[in-house]
Amino acid sequence: MNRIFASQTCTMTELREPQKVLDRANGKPVAIMKNSRVVGYLVPEAATPEEEPRVATMDEVMESLARRHDVNQPVLDYLKDK
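One structure accompanies this document, and this report is about it. Since this is a predicted model, take the numbers as computed values, not measurements. (Residues numbered from 1 in each chain as written. Predicted model: local features only at pLDDT ≥ 70, side-chain atom pairs only at ≥ 80, totals over all residues. Heavy atoms only, no water.)

## Focus on the nonpolar core
Here comes step 1: Formed by Cys10, Val21, Ala25, Val30 and Ile32, the largest nonpolar core amounts to five residues.
Here comes step 2: Contributing elements (two or more residues each) for this core: helix H1 (18-25) and strand E2 (30-34).
Here comes step 3: For Val21, the contacting residues outside a window of four places in its chain are Cys10, Glu14, Leu15, Val30 and Leu42. (Core = buried A, V, L, I, M, F, W, Y, C linked by side-chain atoms within 4.5 Å. Buried < 20%, exposed > 50% of the residue type's maximum accessible area, 1.4 Å probe, protein only. Helix = DSSP H or I, 4+ residues; strand = E, 2+ residues; numbered from the N terminus. Contact = heavy atoms within 4.5 Å.)

## Observations concerning the sheet that holds strand E3 (residues 37-42)
Here comes step 1: As summarised here, the arrangement of the three strands in space is E1-E2-E3, forming an open sheet in which the pairing is mixed. The two strands at the open ends of the sheet, each matched to only one other strand, are strand E1 (8-11) and E3. Between one strand axis and the next, the sheet turns by 35 degrees as a mean value, whatever way the strands run.
Here comes step 2: Pairing of E1 with E2 involves four bridges; the strand directions are parallel. Within E2, the residue paired with Gln8 across the bridge is Val30.
Here comes step 3: Where H1 meets the sheet, its contacts fall on E1, E2 and E3, and the angle it forms with E1 comes to roughly 165 degrees. (Pairing = 2+ DSSP bridges. Axes fitted to C-alpha atoms, helices over the stretch in contact; angles between N-to-C directions.)

## Some details on the environment of Val43
Here comes step 1: Following the sequence through the fold, Val43 ends up in the loop between E3 and helix H2 (58-67).
Here comes step 2: Note on Val43: relative accessible area 43%, which makes it partly exposed.
Here comes step 3: Val43 sits 13 residues away from Val30 along the chain, and the two C-alpha atoms are 6.4 Å apart.
Here comes step 4: Val43 has contacts with Pro29 and Thr48, leaving out every residue within four places of it along the chain.

## Thoughts on unusual backbone geometry
Here comes step 1: Although it is not a glycine, Asn26 adopts a positive phi angle of roughly 55 degrees.
Here comes step 2: Structurally, Asn26 is set in the loop between H1 and E2.
Here comes step 3: Positioned with a positive phi, Asn35 is a non-glycine residue whose angle comes to about 55 degrees.
Here comes step 4: By the element assignment, Asn35 lies in the loop between E2 and E3.

As C-alpha cells, this is what we get:
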C-alpha cells in the first residue's frame, strides 16, 4: 500500500473541471487517483513556498551534529551491529 502525501484526493474524471477540485482543496495539495492508485499531485500556487529553501552550510551541519550527539549516539550504537 502506497502512502498518499495529501489530505485531499480527486479522480481523473474530476479533473475535467480542475477549478472545482482546487476550490474544494482550499489551497492544499490534491492527490490525483486512477484505479485507486496515485498518479500525480495537483499543487496550488498558494501551497508552494514563497522563497527558495536555503541549503545548510557545513558548519551548521557539524554544529547540529555536535549539539545532538547525546540523542544520536544511542541510535548509532544500536545500528552498528545491524
